[in-house]
Amino acid sequence: MSNPNDNALAIVGMSACFPGAHDLEAFWRGVVNGRRFLGPLPPERAGGAVPAAAVTGGFFTTPCRLHPRTPVLDDDGSHPHLALLRDLVVRALCDAGAESPARLAQTDLLIAGEHDGEADAGAVEAVRAGVAAPLGIGGAVRVFSLSEGAALAPLLRAAAQRLRAGAAGHVILAGVSGPALPAWWHRLRRDGVLCEQGFPEFLAEARPGVLPGEGGGAVVLAPYATVAAGGESVHALVTGVGDGSAESAVSGDGAGSGIRAALDAAGAGACPDYIEV
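Values in this document were obtained by computation on a predicted structure and should not be read as measured data.

Caption draft 1: Representation of the side chain of Asp87 within the structure. Relative to the helices and strands, Asp87 is located in helix 3 (residues 82-96). Among the polar contacts listed, one links the side chain of Asp87 to the side chain of Thr70, at a separation of 2.6 Å. Filtering out sequence-adjacent residues up to four positions away, Asp87 remains in contact with Arg65, Leu66, His67 and Thr70.

In structure tokens, the structure reads:
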């Protein structure tokens, strides 16, 4: 008798970094203890694009603590996200126990970017040279756009296609959000979309009080059937994927449609016990 989860994707490794918390354990301890992770935008990071005191959010005030196994490259200053991406991938691989050279050679790396439209060859090559190559990741490298707000669904579908076809043994999904980078604020001011409080108007209009934030994360995926047969530990299963839109997701409409689509895809008609948006 077949298991209904045989086609599911298993999350076998994960990592994250947040303002004030360099990993998931530190973040959870802060939540349990009622710690406030919000604060003003550091003035040196606004770059004069917007008054720093006018912006409150979740911002990195100190660099995240790097894992001992994370390679430090001389060119980390050329791309503000590469060092953190590399560290997140290392942590997720260690959590999965999938850092052996043989496994890495058959591992894909899919990155959720912050550029507009399709990633150009330069973005892909930067990730390949700054993340994949130093870690020995030999599979496919792709960078997906978050500009339409539904990049996670294409990422997961691409991962599922590669894993189910046997083209990769593991797929890493990773991304870093850095809205406090000067270039981001300059672009928003140039396009005239900053409200008086200093963050995008569509966020203010959709839900007053929504604040910008930084962070990053990575997960390692593998076919559940393979993982179950090998007795590996599993954090969670991905059984359905649904699309939502970025701007409407802030007010709940886009998130709701995406959740319904994911439940339909998973064959889960009942209302879930817990939803995190």
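Caption draft 2: How the structure looks around the side chain of His22. Within the secondary structure, His22 sits in the loop between strand 1 (9-17) and helix 1 (24-32). Within the structure, His22 has its side chain in polar contact with the side chain of Asp23 (distance 3.1 Å). Apart from the residues lying within four places of it in its own chain, the contact partners of His22 are Ala16, Cys17, Arg65 and Arg91.

Caption draft 3: View of the sheet that holds strand 4 (residues 107-112). Spatial ordering of the open sheet is given by 5-4-6-7-1-8, a layout of 6 strands whose pairing is mixed. The open sheet has two edge strands with one neighbour each: strand 5 (141-144) and strand 8 (236-238). Neighbouring strand axes in the sheet, compared pairwise and without regard to direction, differ in orientation by 25 degrees on average. Pairing of strand 4 with strand 5 involves 4 bridges; the strand directions are parallel. Each residue of the ladder has a partner; that of Ala112, found in strand 5, is Phe144. Across the sheet, helix 5 (residues 121-135) lies against strand 4 and strand 5, angled at about 125 degrees from strand 5, the strand it touches most.

Caption draft 4: Here's a closer look at the pattern of salt bridges. The final tally for this structure, using the stated rule, is 5 salt bridges. Residue Arg103 is joined to Glu232 by a salt bridge in which the shortest nitrogen-to-oxygen separation is 3.9 Å. In this pair, Arg103 sits in helix 4 (residues 101-105) while Glu232 sits in the loop between helix 9 (224-230) and strand 8, placing the two residues 129 residues apart along the sequence. The class of Glu232 is partly exposed, set by a relative accessible area of 27%.

Caption draft 5: Quick peek at the environment of Val72. Secondary-structure assignment places Val72 in the loop between strand 3 (56-57) and helix 3. The sequence separation of Val72 and Pro134 amounts to 62 residues, and the corresponding C-alpha distance is 9.2 Å. For Val72, the contacting residues outside a window of four places in its chain are Leu66 and Arg86.

Caption draft 6: Structural view of the packing of aromatic side chains. A complete count under the given rule lists 2 aromatic pairs for this structure. An aromatic cluster is built from Phe18, Phe27 and Phe37, whose rings are joined through pairwise contacts.

Caption draft 7: Main features of a nonpolar patch on the surface. Side chains of Trp28, Val31 and Val32 sit close together on the surface and give an oily, nonpolar patch of about 320 Å² of accessible area. Of note, Val32 is situated in helix 1.

Caption draft 8: Geometry of the packing of helix 3 against helix 5. Their axes nearest at 10 Å, the elements helix 3 and helix 5 cross at an angle of 35 degrees. Crossing hand, helix 3 versus helix 5: right-handed. Across the interface between the two elements, Leu82, Leu85, Arg86, Val89 and Val90 from helix 3 touch Ala126, Val127, Gly130, Val131, Pro134 and Leu135 from helix 5. When grouped by side-chain class, the residues that make up the contact of helix 3 with helix 5 number 9 nonpolar, 1 polar and 1 charged.

Caption draft 9: Summary view of the pairing of strand 7 (residues 215-223). Counting buried positions over the 9 residues of strand 7 gives 7, a clear majority of the element. Two strands pair when backbone bridges link them, and strand 1 and strand 7 are joined in this way by 8 bridges, in the antiparallel orientation. When the bridges of strand 7 are listed, Met14 appears paired with Val219. As paired elements, strand 6 (residues 170-177) and strand 7 share 7 bridges and run antiparallel to each other. By the bridge assignment for strand 7, Ala174 is matched with Ala218.

So, how was this worked out
Residues numbered from 1 in each chain as written. Predicted model: local features only at pLDDT ≥ 70, side-chain atom pairs only at ≥ 80, totals over all residues. Heavy atoms only, no water. Helix = DSSP H or I, 4+ residues; strand = E, 2+ residues; numbered from the N terminus. Polar contact = N/O pair within 3.5 Å; in protein donor to acceptor, adjacent residues only side chain to side chain. Contact = heavy atoms within 4.5 Å. Pairing = 2+ DSSP bridges. Axes fitted to C-alpha atoms, helices over the stretch in contact; angles between N-to-C directions. Salt bridge = Lys/Arg side-chain N within 4 Å of Asp/Glu carboxyl O. Buried < 20%, exposed > 50% of the residue type's maximum accessible area, 1.4 Å probe, protein only. Phe/Tyr/Trp six-rings, centres within 6.5 Å; stacked < 30°, edge-to-face > 60°. Patch = residues over 30% accessible without salt bridge, like charges linked within 9 Å, V, L, I, M, F, W, Y side chains within 5 Å. Areas by Shrake-Rupley, 256 points an atom, 1.4 Å probe, with all protein chains shown as cover. Left-handed = near helix turned anticlockwise from the far one by under 90°. Nonpolar A, V, L, I, M, F, W, Y, C, P; charged D, E, K, R; others polar.

Any functional reading would require information that these geometric values do not contain.
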